[in-house]
Amino acid sequence: MGTKGRAVPRVVCCAIPIARAAGKILVVTSRKRPDSWVLPKGGWEPSDVQLEAAASREALEEGHTSGVRGTITRFVITIPTPATTYHFYELDVAALDQDWLERNERRREWVDYAEACKRLEWKSELSQGLKLSSLAPARSH
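This is a predicted model, so every value here is computed, not measured.

## Here we look at the packing of helix α2 (residues 113–120) against helix α3 (residues 124–131)
Packed helix pairs are characterised by how far apart their axes lie and by the angle those axes make with each other.
In step 1: Remark: α2 packs on α3, axes separated minimally by 8 Å, with the N-to-C direction vectors making an angle of 160 degrees. Considering the angle they form, α2 stands roughly antiparallel to α3. Helix-helix and strand crossings are classified by hand; for α2 and α3 the assignment is left-handed. Touching Y113, A116, C117 and L120 of α2 are L126, S127, L130 and K131, all from α3.
In step 2: When its residues are assigned to classes, the contact of α2 with α3 shows 6 nonpolar, 1 polar and 1 charged.

## A few points about the nonpolar core
In step 1: In terms of nonpolar packing, the biggest core is built from 23 residues, with I16, I25, L39, F88, L126 and L130 touching the most fellow members.
In step 2: Elements with a contribution of two residues or more to this core: β1 (10–19), β2 (24–29), β3 (37–38), β6 (72–80), β7 (84–92), α2 and α3.
In step 3: Setting aside residues no more than four positions away along its own chain, L126 makes contact with C14, V38, L39, K41, F88 and L120.
In step 4: Of all hydrophobic cores here, the second largest spans 7 residues; its members include C13, A15, A54 and A55.

Calculation notes
Residues numbered from 1 in each chain as written. Predicted model: local features only at pLDDT ≥ 70, side-chain atom pairs only at ≥ 80, totals over all residues. Heavy atoms only, no water. Axes fitted to C-alpha atoms, helices over the stretch in contact; angles between N-to-C directions. Helix = DSSP H or I, 4+ residues; strand = E, 2+ residues; numbered from the N terminus. Parallel < 35°, antiparallel > 145°, perpendicular 65-115°, else oblique. Left-handed = near helix turned anticlockwise from the far one by under 90°. Contact = heavy atoms within 4.5 Å. Nonpolar A, V, L, I, M, F, W, Y, C, P; charged D, E, K, R; others polar. Core = buried A, V, L, I, M, F, W, Y, C linked by side-chain atoms within 4.5 Å. Buried < 20%, exposed > 50% of the residue type's maximum accessible area, 1.4 Å probe, protein only.

Structural measurements only, silent on function.
Set out below in structure tokens:
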């Protein structure tokens, strides 16, 4: 079946937190795999109303970026899999709070695009979403 017991795939919203001036991406460690890095992501909840709201909420909970609400700047891609449908959004970040909700469960780090690609290689959907972001090098035709 591929949906882990659900009738339809789970909807997951992913934020790609970007410090544009520095050309950096915020990555956080996974709670399930503490040695693996991810983008802030999580399930869409009916209270979110819009998918963009879920991406912002996840960034607040996992990476806790200050000024995060209202800073979604670009839809990147939707990636469907049998179990999950991923929606990716770029999130422009101005600053990070030192005290955030999941600070005792995760680490976070600003890295450049190449390093973010390396850290996300283990999770193909996250890697693919990042590679389609505006920080990806322009592809020659």
